[in-house]
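Structural overview for review
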Amino acid sequence: MVLEGNPEVGSPRTSDLQHPENQGSCVLSSPSEDAQPGEEPIKYGELIVLGYNGCLASGDKGRRRSRLALNRRPHANGVKPDVMHHISTPLVSKALSNRGQHSISYTLSRSHSVIVEYTHDSDTDMFQIGRSTENMIDFVVTDTSPGGGAAEGPSAQSTISRYACRILCDRRPPYTTRIYAAGFDASSNIFLGERAAKWRTPDGLMDGLTTNGVLVMHPAGGFSEDSAPGVWREISVCGNVYTLRDSRSAQQRGKLVENESNVLQDGSLIDLCGATLLWRTPAGLLRAPTLKQLEAQRQEANAARPQCPVGLSTLAFPSPARGRTAPDKQQPWVYVRCGHVHGYHGWGCRRERGPQERECPLCRLVGPYVPLWLGQEAGLCLDPGPPSHAFAPCGHVCSEKTARYWAQTPLPHGTHAFHAACPFCGAWLTGEHGCVRLIFQGPLD
């Protein structure tokens, strides 16, 4: 048996601020032991699942929801590497039987395994994310299908791991947050079998990757009006950063990226191979538009009394309280190739090209003709700008900078493909730019 040292977790720190407005997210933990009565708990940040526009189709319930706030726990539950054991296989089951001892098991061969024991870390809080509904999973995430909604039913084969990843947050300012691939199961273990990608690091420790991997992308320039998409990387079980594998589940790892870390930044995207999450820091949420601001933008757009240029009827964006049901009579519709906004009409159909293909009566361009819906998940917006652009072909409306950012952000799909998608419903974007500027007709009086 070989005993090795205790690697401490350490990294650059970021600032902490509290979001002033409750935007409907679930608060995972109760106030910490040093919080005064009536005070808000310390917030590490929020996770937002792309593709749901503020709420799951079946409603947010408990740990299964579209948005989750990670708050400081009453008592630390973080863990850190402690001792590494080289053992023979018959001893593996005995070594993993202690549920109170967190460990990661690396199976190198039928006769050789390495087990790294973890010890309690009083300086961090741990949160786990995955498909499993077991109690050790704090945020239950299911597969998101393009176009919005979860892939449900017995025939839907999930590609999200039951114990996909874990997030460790420093309990002291500035509350640095780090992500690691894989989460601990009901026995407090992470098991990497013979087929899993694993290796010994230059300093003699072990590391590995999960089957479908955990990918992270940090935006360049932060998540603001000046943001640009970053480069997708893969995070290992020990939190190291690697270039992407040739395919999602390939056994050969990518190259170590030494100048990058697993520290989450405002706007970092986390892909679990079936669902993508956005991380927002408290400071970032302070800059984000609020639901009140989005509602004010909706009312201001309706107050301009836009009209259908052909039917001359007055158009109005529906209230978010009505939900995305069948469009009403005042619902604005758009030709997504040109951006001309109309009321609903039945002419101009091109049946040979599909039921949604219509010819715009103003410019004669043929393309999808869809109802417009306002994006209601404020955490996905880069700025509080007016609702001037719509994603193609789904018709979700947001500010210009928000639309252009997501239209140029490739999201992982399948084993090696990437597609830009609408952040509000997950629909793959089409057309040259993925979004279109809306052209409204003002009132004639």
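Each chain has its residues counted from 1, running along the sequence as written. Per-residue local features of the predicted model are confined to residues with pLDDT of at least 70, and side-chain atom pairs are confined, for both listing and counting, to 80 or more; whole-chain, interface and lining totals are unaffected and use all residues. Values reported for side chains reflect all heavy atoms of the structure, with hydrogen atoms and water molecules removed beforehand.

Attention shifts here to the overall build of the protein chain. For the protein chain, the count of helices and strands is four helices and 28 strands. A total of 445 residues make up the protein chain; the buried ones form 52% of that total. Should any heavy atoms of two residues lie within 4.5 Å, those residues are counted as being in contact. In the protein chain, the proportion of contacts linking residues at least 24 apart, taken out of those at least 6 apart, comes to 65%. Surface accessibility in these figures is a Shrake-Rupley result with a 1.4 Å probe; residues are shielded only by whichever protein chains are displayed. Counting every atom, the protein chain has about 20100 Å² of accessible surface; 51% of that belongs to carbon and sulfur. Numbered from the N terminus, helices here are DSSP runs of H or I no shorter than four residues, and strands are runs of E no shorter than two. For every residue, the accessible area obtained with a 1.4 Å probe (protein chains only) is divided by the maximum for its type, and the residue is called buried under 20%, exposed over 50%, and partly exposed between those limits.

Of all residues in the protein chain, 82% attain a pLDDT of 70 or more, and the chain-wide mean is 85. Per-residue confidence from the predictor is given as pLDDT, running between 0 and 100. In the predicted structure, residues 1-26 sits below a pLDDT of 50 and forms 71 contacts with residues beyond four places in sequence or in another chain. Considering only residues more than four positions removed or in separate chains, one finds that residues 29-33, a stretch of pLDDT under 50, has 15 contacts.

Quick look at the sheet that holds strand E23 (residues 373-374) now. Taken together, the four strands give an open sheet; going across it, the order is E23-E25-E24-E28, and neighbouring strands pair in mixed fashion. What marks the edges here is a single partner per strand, and that holds for E23 and strand E28 (435-437). As paired elements, strand E24 (residues 389-391) and strand E25 (residues 396-398) share two bridges and run antiparallel to each other. Within E25, the residue paired with Ala 390 across the bridge is Val 397. Between N-to-C directions, angles span 0 to 180 degrees; the directions come from axes that are lines fitted to C-alpha atoms, helices contributing only their stretch in contact. In this fold helix H4 (residues 400-407) packs onto E24, E25 and E28, with an angle of close to 30° to the strand it touches most, E24. In short, DSSP must find at least two bridges between two strands for them to pair.

Turning next to the packing of aromatic side chains. Here the aromatic set is Phe, Tyr and Trp, taking the six-membered ring for Trp, and pairing holds for ring centres within 6.5 Å; pairs whose planes are under 30 degrees apart are stacked, those over 60 apart are edge-to-face, and all others are tilted. By the definition in use, this model includes 13 aromatic pairs. In this analysis the charged atom, NZ for Lys or CZ for Arg, is taken to sit over a ring once it is within 6 Å of the ring centre and within 35 degrees of the ring normal. Sitting above the plane of the Trp 199 ring, Arg 253 keeps its charged end 4.5 Å from the centroid.

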